[in-house]
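# Topology and contacts: notes
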Amino acid sequence: MYINIMNPNRRGEMIMKHVYKISLILIVLVMVLSACGPAATSTTVPPTEIPASPVPPTTAPTAAVQPPTAVPPTAVPPTEVPPTEVSGPQGTLRVALSGEPASLYIPNTPDMNSDTAASQLYDPLVQLDDQGNIQPSLAESWDISADGTEYTFHLRKGVTFHNGDPFTADDVVATWEYGKNPDTSKWPDRFEIAKTVEKIDDFTVKVTTDGPKPLLLITMWDFWSIIPKAYMDKVGVAGFEQAPVGTGPFEFVEWVKGDHITYKANPNYWQSGLPKAETLTFRFIPDSATRVAAIQTDEVDIVTRLTAEESQSLKDVSGVKTLEYPLTREYYIAFNNLTTGIGQPTMDAKVRQAMNYAVDIDGILKALFLGYGKRSTGFVATGELGYGNVQPFAYDPEKAKQLLKEAGYENGFTIDMACPAGAYSSFEEVCQAIVGNLGEVGITVNLNIMESGQYWDLEAKKQLPPLFGDAWADTSGEAYNRLYGALGGNNAAYSSWSDPKIDELLKSISEEVDTAKRKALYEELQVYMQVNPPFIYLYEPYTFEATRDTVQNYSPRHSEFVYFTNTTVAAP
Amino acid sequence: MLRYFLNKLALSILLLLGVLALVFLMLRVTGDPAALMMPREASPQEIEAFREKMGFNRPLGVQFVDFMSKAVVGNFGNSLHYNTPALPLVVQRLPATVELAAVGLLMALFIGVPLGLVGGFNPGSLIDSFGRLLGLLGQCIPNFWLALILILIFAVRYGWFPAFGRDEPKSVILPAFVLGLAVMSQILRMTRSTVLEVRSEDYIRTARSKGLNSRTIYFKHVLRNVSIPLVSLIGVQFCYMLSGSVYIETIFAWPGMGRLLQESIGWRDFPLVQALAVFTSVVVITLNLATDLAYALLDPRIRYGK
């Protein structure tokens, strides 16, 4: 500290000098900071043009030429019976997402949050209803050629996009062309399922495929959200992502990055009386504890992806309803017979059966998930085509020991296993419990819990140990993608297993258009996969959500997919 | 003075180059992003094609030179998640982060300095004990825990503040308080100990013996000397607050850079993480440079020191 002895005049001068210097520094600081920040952070659509001609009244959907694909019910029961009709959309529905969407252009959406937000803006040609049936949407009907390779879609007339452009066959062709181009799409293979998409006339489109593609319609529902050709050609994908336009029940209003996305009801929606909510807002709240607080403070109407404990804590809160349902996601410990597993005891089917008998799934679910969770019967999830013909492995350590003895491993063996850290809810603990269970029947497991990025890197290179844990979700209503992805041998990035019988059955499934026959094939596959298990089957997790009392007709599907078209919220 | 400034500037530039190199290397040691960015059902061929498109298959050295030459002009490529240039995404988030840090710092100053002064002038008093307790708690309480507790009390229970977001002016209060608390206790403790130290200096005794009244002594002699260490502390702490709000922004769903960092790490969005790390470093280094200058202007011993 310097000594401050000086005459009063000099002192005043010094003080003024310091004040001047400090102000200068502050100004510089402010300039440095403010120079970096732009003024506006939101993107807004140009004003929507109202089409000149009124939209013709919607007729009841004409019966599809093809009988609806009979997929077992996939919807969670709606939260409540619909209330009495009100005229016009009302109220603001506020939905909390666990993360910010990456894009609102369907072919660029990498995750569920993006999908949930984006899907409300568009219509596909065909719709998958809550019961898992394919229904008409922008296509009123369609014909399928006898050999199953030509689909002729008859398009709905009088539909307009949010910007006023009329919907025609050109838009369907453009949607496909943008979707199959890897430069403008993250999911080109979901569009390449069709070989050609041709315009026959303004309201007729012909789609041809290389051989029968039973998953074509479901894929079209999931990915082929129709976009306006003229607008997309004009603004490009980057421009489209700033201000997306579809024919869907909601129109884009703004996206304030990091904070919220707002839609408003499409006043010209082709389904009269829909949507029910006037405004739809998505808030991004990454922390689940904060989502719990936000529903309690009535700052949002719907929160998803809570933990079992958080859901319990909301059970007695007035004004809040909770719901939980099993997800179409299978957890499993995979075996490897392609690289690291070669020569290991797990090459023997009896050993793999024994390991399935040794693991106490119900005990794990009870200890780690308050009992919420459903023991897997195989790799086909609840509600998917062909589910339910096999029983899960019972927890039977004695039988496990017996099978190990028969396989010649009476004294057990030692094997390596890996699990990802922080990737799935409590999965590290699940893996540790499995290691304990396997230890009880004499199998010593060296568990390596790895950072998840590195983990998936090694999984894609097929360099994980002979045992590794993972989970696989699917939104399509059928288990095919999951089965092929995890069992497709060297042709699938995340598969570490190859079995000629499984390959053959999967090939048949991918070519069989008849739903009943496809169901039988799934059942045959599941029986085979019980005798020759490629996994230790674990569980289907539950997901926990909560809504405000004022929300009605909210019905998420087991895939977490949800449309807000019918959801109502009390008007302010 | 100019030489001092140039010296500091050169050091800052060197530091920034070091940061760039570190950012590049740290992200590369955890594995290949191509596999993770692609959908799970993607075939190995599709993953390879993506790797090639992004240039992840080139030798590390080539990727490094490419990265550095583009990074120095602010080009970090497109964010993999958002598919738009990374740097503007980061810059967009700056105002929210600055707002949070600035309000947090102001709260820290308005609580910390007065409590520290009163405590320093009246050691052992009730207010001093309260201040010391607050200072201790502020440093010990984990901020993510405090954040949740404050949300439960002031948003859920009493409804005085929103639980999340940046919708209205009062949204900033809770997150800024949590962010500022640790800084507040540092300011409080430092102000208190500096006052205690200065109080017993010879020049204060001299001032007293000249018959100056207490107010003049406190405001003209003690406060000015307290301000010197405060300036450097504030500079450092403001940097800490700008870069250290990852948890708090995530919990309060605050649309700032910290939350973007947390999310982009989850997405393994290399360009975005790099842009964030480098941009935050530039801000911090610039602020440090400014603090050094401010310190030199205030204290001639620094300016002329060898």
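Residues numbered from 1 in each chain as written. Chains lettered and ligands numbered in written order. Predicted model: local features only at pLDDT ≥ 70, side-chain atom pairs only at ≥ 80, totals over all residues. Heavy atoms only, no water.

## Re the overall build of chain A
Across its full length, chain A holds 15 helices and 21 strands. Relative to its 572 residues, chain A shows a buried fraction of 57%. If you take every contact in chain A between residues at least 6 apart in sequence, the share linking residues at least 24 apart comes to 71%. (Helix = DSSP H or I, 4+ residues; strand = E, 2+ residues; numbered from the N terminus. Buried < 20%, exposed > 50% of the residue type's maximum accessible area, 1.4 Å probe, protein only. Contact = heavy atoms within 4.5 Å.)

## What about the domain arrangement of chain B?
Split into domains, chain B comes out as domain 1 (1–75) and domain 2 (88–303). The straight-line distance from the C-alpha centre of domain 1 of chain B to that of domain 2 of chain B is 32 Å. (Domains from an automatic or database assignment.)

## So, the side chain of Ser12 of chain B
All names here are of chain B. Along the chain, Ser12 turns up in helix α1 (residues 2–28). The buried category is assigned to Ser12, whose relative accessible area is 13%. Not counting residues up to four positions away in its chain, the partners in contact with Ser12 are Ile285 and Leu289.

## Here's the deal with the nonpolar core
Ranked by size, the top nonpolar core spans 162 residues in total, and within it Leu125, Phe153, Trp224, Tyr263, Phe282 and Phe564 of chain A carry the most contacts. Considering each element in turn, this core owes the most residues, 15 residues, to helix α5 (residues 86–121) of chain B. With 76 residues, the next largest nonpolar core counts Ala407, Cys419, Tyr522 and Tyr539 of chain A among its residues. (Core = buried A, V, L, I, M, F, W, Y, C linked by side-chain atoms within 4.5 Å.)

## Remarks on the packing of aromatic side chains
Residue and element names in this part refer to chain A. Evaluated as defined, the whole model comprises 39 aromatic pairs over all chains. Relative to Phe240, the ring of Tyr105 lies with its centre 5.4 Å away and its plane at 70°, an arrangement referred to as edge-to-face. You can see Tyr105 sitting in the loop between β2 (92–97) and α2 (112–119) and its partner Phe240 sitting in helix α5 (residues 229–242), a full 135 residues away along the chain. Each member of the pair, Tyr105 together with Phe240, is buried. Between Tyr372 and Tyr542 the ring centres are 5.7 Å apart and the planes differ by 50°, which places this aromatic pair in the tilted class. Taken together, the positions of Tyr372 in the loop between α9 (361–369) and β15 (374–375) and Tyr542 in strand β21 (residues 542–548) put the pair 170 residues apart, joining distant regions of the chain. By way of ring pairs, the aromatic residues Tyr331, Phe369, Tyr424, Phe427, Tyr455, Trp456 and Tyr539 are connected into one cluster. Its guanidinium or amino end placed over the ring of Trp176, Lys180 lies 4.8 Å from that ring's centre, counting from NZ or CZ. (Phe/Tyr/Trp six-rings, centres within 6.5 Å; stacked < 30°, edge-to-face > 60°. Lys NZ or Arg CZ within 6 Å of the ring centre and 35° of its normal.)

## A short note on the domain arrangement of chain A
Residues and elements named next belong to chain A. Splitting chain A by domain gives domain 1 (122–247) and domain 2 (329–540). The C-alpha centroid of domain 2 is placed 36 Å from the C-alpha centroid of domain 1. Interface area, domain 1 with domain 2, both sides summed: about 740 Å², of which 63% is carbon and sulfur. Taken together, the connections running from domain 1 to domain 2 amount to zero salt bridges. Inspection of the region where domain 1 meets domain 2 yields zero residue pairs in polar contact (both at pLDDT 80 or more). Taken together, the residues of the side of domain 1 that touches domain 2 break down into five nonpolar, no polar and three charged. (Buried area = accessible area lost by both parts, 1.4 Å probe. Salt bridge = Lys/Arg side-chain N within 4 Å of Asp/Glu carboxyl O. Polar contact = N/O pair within 3.5 Å; in protein donor to acceptor, adjacent residues only side chain to side chain. Nonpolar A, V, L, I, M, F, W, Y, C, P; charged D, E, K, R; others polar.)

## Side note on helix α15 (residues 515–531) of chain A
Residue and element names in this part refer to chain A. Taking 1.5 Å of rise per residue, the 17 residues of α15 would be expected to cover 24 Å, and the 25 Å separating its terminal C-alpha atoms lies within 8% of that figure. Where α15 is concerned, the buried positions are Arg518, Leu521, Tyr522, Leu525, Gln526, Met529 and Gln530. Contact partners of the buried residues in α15: α8 (349–358), α13 (480–487), α14 (500–511) and β19 (535–537). In this structure Asp514 caps α15, since a side-chain oxygen of it lies 3.0 Å from the backbone nitrogen of Ala516. (Expected span 1.5 Å × (residues − 1).)

## Structural notes on unusual backbone geometry
Here Leu274 of chain A and Pro275 of chain A are connected by a cis peptide whose omega angle stands at -5°. Positionally, Pro275 of chain A belongs in the loop between β10 (260–265) and β11 (279–284). At Asp298 of chain A, a position not held by glycine, the phi torsion is positive, near 65°. Its identity as a non-glycine residue notwithstanding, Ala253 of chain B has a phi of 50°, on the positive side. Inspection of the secondary structure puts Ala253 of chain B in the loop between α11 (246–251) and α12 (257–267). On the basis of relative accessibility, which here comes to 1%, the residue Ala253 of chain B falls in the buried class.

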